[in-house]
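Observations on the model geometry
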Protein chains: 2
Amino acid sequence: MKELVHLEVSGMSCQHCVKAVEDSVGALAGVEKVDVSLEQNAVDVTYDSANVDVAQIASAIEDQGYEVAALSE
Amino acid sequence: MKELVHLEVSGMSCQHCVKAVEDSVGALAGVEKVDVSLEQNAVDVTYDSANVDVAQIASAIEDQGYEVAALSE
């Protein structure tokens, strides 16, 4: 099932950070779209819950060195 | 002749920025060492003035999207 999660992410400071998050989350099977907002410290991800879950998405972001502060579905 | 230049650079915000500056300056022929300090907004470069000059070093940094505010030799 197609779902959207909104994550508050801290520590992203520049376009390199945006790209690191986009690339790592976008590489997960089941992720359809990644929108990163540097100004709002936010990452919106559209994904297929049959293939990937929010914990895996948050983990991919944290693996890049950022902190996932909160999420809303 | 081996020389050292200290550049004040603004706009570097994270380790991706450090790496972008290190890689671009380090790729110049004649550059021996690049030390980037995120905390001090500074880039120290050891280079051979027979092969490269400060203008080329500053240009490599600016090409990565950062501003060279001042330099001292």
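Rules of the game
Residues numbered from 1 in each chain as written. Chains lettered and ligands numbered in written order. Predicted model: local features only at pLDDT ≥ 70, side-chain atom pairs only at ≥ 80, totals over all residues. Heavy atoms only, no water. Helix = DSSP H or I, 4+ residues; strand = E, 2+ residues; numbered from the N terminus. Buried < 20%, exposed > 50% of the residue type's maximum accessible area, 1.4 Å probe, protein only. Contact = heavy atoms within 4.5 Å. UniProt positions renumbered as here; feature names shortened; annotations may be inferred. Arc of directions from axis to C-beta.

Broken down by element type, chain A carries two helices and four strands. The order of helices and strands in chain A, counted from the N terminus, is β-α-β-β-α-β. Taken over the C-alpha atoms alone, chain A extends approximately 30 × 20 × 15 Å along its principal axes. Relative to its full complement of 73 residues, chain A shows a buried share of 41%. When contacts within chain A are restricted to residue pairs at least 6 apart in sequence, long-range pairs at least 24 apart make up 64% of them.

UniProt's feature table lists "domain: HMA" (unreviewed entry) at residues 3–69 of chain A, given in the numbering used throughout. Across residues 3–69 of chain A one finds 33% helix and 37% strand; the C-alpha atoms that close the span lie 20 Å apart.

Residues and elements named next belong to chain A. Along helix H2 (residues 54–63), the residues that are buried comprise Val 54, Ile 57, Ala 58, Ala 60 and Ile 61. Angularly, the buried residues of H2 cover 155° about the axis, an arc narrow enough to put them on a single face. Turned more than 90 degrees away from the buried face of H2, the exposed residues are Ala 55 and Asp 63. Contacts made by the buried residues of H2 are with strand S1 (2–10), helix H1 (15–26), strand S2 (31–37), strand S3 (42–48) and strand S4 (67–72). Downstream of H2 by a residue or two, Gly 65 has a phi angle that is positive, lying close to 105°.

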